[in-house]
Amino acid sequence: MATYIVRRLVAMVLMLIALSMIVFLIFNALPADPARLTCGKSCSPQIVEANRHRLGLDKPLVNQYADFATGIFAGRTYGTGTATFECHVPCLGYSFRKGEQVTDLLWTRFPVTAELALGGCVLWVLTGVSIGVIAALKRGRWQDRAIMSVSMVGYSFPAFFIALLLVFFVQIQWGLIGFGGYVSVTEDPVGWLSGFALPWIALAMLYAALYARLTRNQMLETMGEDYIRTARAKGLPERTVIGKHALRAGLTPIVTVAGLDLAALLGGSIIIEQVFALPGIGRLAVDSVTDADLPVITGTVLIAGAFVIFANLVVDVLYAVIDPRVRLT
């Protein structure tokens, strides 16, 4: 196990390096001039050249990437002489449009995205797995057909449609939840819960349908295994057979999908955050694209990719914990 984790950590570091190089090269290959984007329409050529020198864009591309990579681990100094300023560790760049470090912008938005992603993940996993187990145990009956039909409909709807339906009916028509916006849990726990209730439900309705179908298929497959018949022959309670043996063996693909879905949401749920006006990473990414703020876009893409790479490592390690039949080599 320890050897496998070390080997995967090394592979993860190499993938992160490759990811940073690809993301950096892609955004530096864009036809837009980052130096001109740092000032308004009335920007003179002299100011553009000064900004280019200040950002280090007048250096060769290899040196630019070296400065970018060094800034992540050791910080970075922009400009020369009296016009210098420091970008502290970890430095993912500096947004001249917003006048802040990219790291600071991401850090202030990350708690909102993390609360949205974690709350939604817990809700959709519990809901999806529970109704999936019920559908498997009621195979061929009306409960099974009803759950699968509703799941198919829910899985077919796009995220923005579900979110807008919730806003229209719950907030506008019925007035059950107001338009209070995001509030920190430490300031107002009730306001925080009401602000996240609909986004969590929207994510749960979107993802739970997939998890219900996946859980049902895995349960039907494992319920026919020999060790399940052996457990029943030993006289174990049906709850123990289903929960400890059948469901646990079928959780491996569910954990895989859940880990990757959660990692993707930690990189920013663009649609949900936009519809419910949540100041998270997804909304920051949209605003950065609108403003052509390339350093923020680069940092957002890099962080989102890093979450996915790290989630793959965590999911692989959890395989052996959930299913003893899995051996890490």
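None of the values given here were measured: they were computed from a predicted structure.

Enquirer: Go over empty space enclosed by the protein with me, naming the residues and quoting the values.
Expert: Considering all chains together, one arrives at one cavity of 30 Å³ or more under this definition. What the largest cavity holds in volume is close to 390 Å³. Lining the largest cavity are 24 residues, and of these N28, P34, L57, L294 and P295 lie nearest its centre. Secondary structure elements with two or more residues in the lining of the largest cavity: α1 (2-28), α2 (34-37), α4 (61-74), β1 (76-78) and α13 (294-322). Counting residues per element, the lining of the largest cavity draws most heavily on α1, which supplies four residues. In the lining of the largest cavity, the residues fall into 15 nonpolar, six polar and three charged.

Enquirer: Just give me the short version of the state of the cysteines, but keep the residues and values in it.
Expert: For the structure shown, the criterion picks out one disulfide. Disulfide pairing is shown between C87 and C91; the S-S distance is 2.1 Å. The disulfide joining C87 to C91 has a torsion of about 100 degrees about its S-S bond and is therefore right-handed. Looking at C91, the relative accessible area reads 2%, which means it is buried.

Enquirer: Just give me the short version of the layout of surface pockets, but keep the residues and values in it.
Expert: Its boundaries defined by the atoms lining it, the largest pocket holds a volume of some 540 Å³. The wall of the largest pocket is formed by 20 residues, among which I72, L92, L302, I303 and A306 lie closest to the centre. Secondary structure elements with two or more residues in the lining of the largest pocket: α1, α4, α5 (102-137) and α13. Along the walls of the second largest pocket sit 18 residues, with Q171, G178, F179, G180 and G181 positioned nearest its centre.

Enquirer: Any details on the side chain of T300? Residues and values, ideally.
Expert: Here T300 lies in helix α13. Exposure remark for T300: the relative accessible area of 6% places this residue in the buried category.

Enquirer: I'd love a proper account of the environment of L294, names of residues and values included.
Expert: Tracing the sequence through the fold places L294 in helix α13. On the basis of relative accessibility, which here comes to 10%, the residue L294 falls in the buried class. As a C-alpha pair, L294 and P34 span 260 residues in sequence and 7.0 Å in three-dimensional space. Residue contacts for L294: discarding those within four places in its chain leaves F27, L30, P34 and L37.

Enquirer: Could you give me a rundown of the pattern of salt bridges, with the residues and numbers involved?
Expert: Tallying each qualifying case throughout the model produces seven salt bridges. In this structure, K98 and D293 form a salt bridge, with 3.4 Å as the shortest nitrogen-oxygen distance. Of the two residues, K98 is situated in the loop between β3 (94-95) and β4 (100-101) and D293 in the loop between α12 (281-291) and α13; the sequence distance between them amounts to 195 residues. For the salt bridge of R216 with D144, the shortest nitrogen-to-oxygen distance reads 2.8 Å. Of this pair, R216 sits in helix α8 (residues 189-222) while D144 sits in helix α6 (residues 142-156); the two residues are 72 residues apart in sequence, bridging distant segments of the chain. By relative accessible area, which is 4% here, D144 ends up buried.

Enquirer: Account for the environment of M219, naming residues and giving values.
Expert: Note that M219 resides in helix α8. Filtering out sequence-adjacent residues up to four positions away, M219 remains in contact with V133, A136, I242, A246 and L247.

Enquirer: Can you lay out the nonpolar core for me, pointing to particular residues and giving the numbers?
Expert: Counting 44 residues, the largest nonpolar core has W124, M219, I272 and F276 as its most contacted members. Those elements that provide at least two residues to this core are α5, α7 (159-173), α8, α9 (226-233) and α10 (238-266). Ignoring anything within four residues of it in the chain, the contact list for I272 reads L116, A159, A163, P199, A202 and L203. Counting 20 residues, the second largest nonpolar core, distinct from the first, contains F24, F27, L294 and I309.

Enquirer: Now, about α7: what can you tell me, with residues and values included?
Expert: Taking 1.5 Å per residue as the helical rise, α7 with its 15 residues ought to reach 21 Å, and the 20 Å between its terminal C-alpha atoms agrees with that figure. Residues A159, I162, A163, L166, V167, V170 and Q171 constitute the buried set of α7. Packed against the buried residues of α7 are α6, α8 and α11 (270-275).

Enquirer: Summarise the side chain of E273; cite the residues concerned and give the values.
Expert: Residue placement: E273 occurs in helix α11. For the buried E273, which has no salt bridge, the nearest side chain bearing the opposite charge is R109, at an N-O separation of 6.6 Å. At 3.5 Å, the side chain of E273 and the backbone nitrogen of I281 are in polar contact. Not counting the four nearest positions on each side in its chain, E273 is found in contact with T113, L116, G268, L278, G280, I281, G282 and R283.

Each value, and the rule that gives it
Residues numbered from 1 in each chain as written. Predicted model: local features only at pLDDT ≥ 70, side-chain atom pairs only at ≥ 80, totals over all residues. Heavy atoms only, no water. 1 Å grid on protein atoms, 1.4 Å probe; cavity = no way out; pocket = protein on both sides within 12 Å on 5 of 7 lines; lining within 4 Å. Points joined across faces, edges and corners; volume = space filled by probe spheres on them. Helix = DSSP H or I, 4+ residues; strand = E, 2+ residues; numbered from the N terminus. Nonpolar A, V, L, I, M, F, W, Y, C, P; charged D, E, K, R; others polar. Disulfide = S-S within 2.5 Å. Buried < 20%, exposed > 50% of the residue type's maximum accessible area, 1.4 Å probe, protein only. Contact = heavy atoms within 4.5 Å. Salt bridge = Lys/Arg side-chain N within 4 Å of Asp/Glu carboxyl O. Core = buried A, V, L, I, M, F, W, Y, C linked by side-chain atoms within 4.5 Å. Expected span 1.5 Å × (residues − 1). Lys, Arg positive; Asp, Glu negative; His and termini not counted. Polar contact = N/O pair within 3.5 Å; in protein donor to acceptor, adjacent residues only side chain to side chain.

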